[in-house]
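# Fold and geometry: a report
In case you want the letters, here they are:
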Amino acid sequence: MPGADVFNECMREYERDRDEARAALSARKAALYAKSPRLAEIEGELAVCGISAAKLALSDGADLESGIAALERKSAALSAERAEILRRGGRGEDDLRITWKCPNCEDTGFISGKRCACLRQKIIDKNYNASNLRGVLESENFDNFDVRLFSEEKDPKTGRSPRVNIEVMHRVCLMFAEKFDETCDNLILTGLAGTGKTFLCNCVAKELLDRGKTVFYATAPALFRIYDDYRFGKGDASELRGFVELAEGCDLLIIDDLGAEFVTSFTASELFNLVNTRGLNKKSVVISTNLTFEQLQETYTERITSRFHASYKILPFFGADLRSRKR
Ligand SMILES: [Zn+2]
């Protein structure tokens, strides 16, 4: 499962961070103690104070309180002496403490059993990297969605303008992202190139990634190349297995440009298996395609399109090619 992989990778990173922090402290101490040997003595004496206090606490003797007070005075004096030595050397007491990347959880990822904010962010970052979408989502997200790019002129076939249509599509996609945890919806965005399909796919992806979901984006040609290489043992087996596990197990799979791949019985059966597996596991898929639903029916087997028909919302996009307008 990709989720567990990401989590385990985070845990290994924390372990490495803690080792590095400890090693850095040892190096700092060694350098300081070489310059001021008294600091090393103080550390030893403070440790003895600690051990004596612990012994005293267990002894339950009559002079427990006065004994503890004497030890506290001694260790306070040692700490003051140490602070003074450090100050004279232009150093602070922090130089003798571990520097954590996250002081809140001390690089463990957890605060009293709950995930620290730094772990949640780490998972989001890794999911962004795994999604294949890191760069593009900075500009393509719901915040940057601009309906004014779409014409208000009514389409003679539908009686609806591209602008009204894209507003409806926008709402459907926003709702899809908002209700993601409650319902297992699937979408097919159909329409010609440059009508906003990929943009809205990316909006959905970013919304979910920012909530800590795993998203995997691949164009249909790239996806089927991965499956082809994986099944026929071409390329790096463990890397390919990672991609296949991500495609099958991520929270949201986005297949962009379905129909642009070289359609064979092999790709068709991989597509069916993928859609079927995800459906059985209640995991969502968003597909974008330049083909109409009728063309999908002509291109793929009936068992795929009947599945699309039963459990996918079809969202039609139309209008002028925006990519040429922006240029
Ligand atoms: Zn933390």
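The structure under discussion appears in the preceding block.
Residues numbered from 1 in each chain as written. Predicted model: local features only at pLDDT ≥ 70, side-chain atom pairs only at ≥ 80, totals over all residues. Heavy atoms only, no water.

## Regarding the coordination of the zinc ion
Going by this rule: Distances decide who is a donor: an N, O or S atom must be within 2.8 Å of the metal, or within 3.2 Å for Na, K and Ca. Water is not included, so sites may look incomplete. Irregular is the default label, applied whenever a site is not tetrahedral (four donors, all angles between 85 and 135 degrees) and neither square planar nor octahedral (four or six donors, opposite donors over 155 degrees apart, all other angles between 65 and 115).
The protein atoms that coordinate the zinc ion are Cys102 (SG), Cys105 (SG), Cys116 (SG) and Cys118 (SG), at distances spanning 2.3 Å. Relative to the metal, the four donor atoms surrounding the zinc ion lie at angles of 103 to 114 degrees, and the coordination shape comes out tetrahedral. Donor residues for the zinc ion sit on one chain with the sequence pattern C-x2-C-x10-C-x1-C.

## Here we look at the packing of aromatic side chains
Within a pair of aromatic rings, the relevant descriptors are the distance that separates the centres and the angle that separates the planes. Just so we agree on the cut-off: Think of it this way: a Phe, Tyr or Trp ring, Trp meaning its six-membered ring, pairs with another when their centres are within 6.5 Å, and the plane angle makes it stacked under 30 degrees, edge-to-face over 60, tilted otherwise. Only protein chains enter the accessibility calculation, which uses a 1.4 Å probe. A residue is then buried if its area is under 20% of the maximum for its type, exposed if over 50%, and partly exposed in between. Each ring is checked for a lysine NZ or an arginine CZ that lies within 6 Å of its centre and within 35 degrees of its normal; such an atom marks a charge sitting over the ring.
For the structure on display, the rule yields five aromatic pairs. Both rings, one in Phe176 and one in Phe180, keep their centres 5.8 Å apart while their planes meet at 75 degrees; by these two values the pair is edge-to-face. For the pair shown, Phe176 and Phe180 are each scored as buried. Positioned over the ring face of Tyr14 is Lys122, at 4.9 Å from the centre of the ring. Sitting above the plane of the Phe272 ring, Arg303 keeps its charged end 3.9 Å from the centroid.

## So, the sheet that holds strand 5 (residues 252-258)
The strands making up a sheet associate through hydrogen bonds between their backbones, and the pairing can be parallel or antiparallel. Spelled out, the test is: A pair of strands counts as paired when DSSP detects no fewer than two bridges linking them. Strands are runs of DSSP state E lasting at least 2 residues, helices are runs of H or I lasting at least 4, and numbering of each runs from the N terminus. Here an axis means a line fitted to C-alpha atoms, over the contact stretch when the element is a helix, while the angle between two N-to-C directions is reported on a 0 to 180 degree scale.
Pairing is parallel across the open sheet formed by five strands, whose spatial order is 4-5-6-3-7. Two strands bound the open sheet, and with one partner strand each, they are strand 4 (215-219) and strand 7 (313-316). Between one strand axis and the next, the sheet turns through 15 degrees on average, direction left out of account. Across five bridges, strand 5 lies against strand 6 (residues 284-289) in parallel orientation.

## Things to note about the side chain of Ser161
Operational definition: In this description, contact between two residues means that some pair of their heavy atoms is separated by no more than 4.5 Å.
Of note, Ser161 is situated in the loop between helix 4 (117-131) and helix 5 (162-178). Judged by its relative accessible area of 5%, Ser161 is buried. Ignoring any residue separated from it by four or fewer positions in sequence, one finds Ser161 in contact with Ser151, Glu152, Glu153, Lys154, Asp155 and Phe318.

## Remarks on the environment of Leu32
Relative to the elements of secondary structure, Leu32 occurs in helix 1 (residues 2-35). Excluding its chain neighbours within four sequence positions, the residues that come into contact with Leu32 are Leu39, Leu86, Arg91, Asp95 and Leu96.

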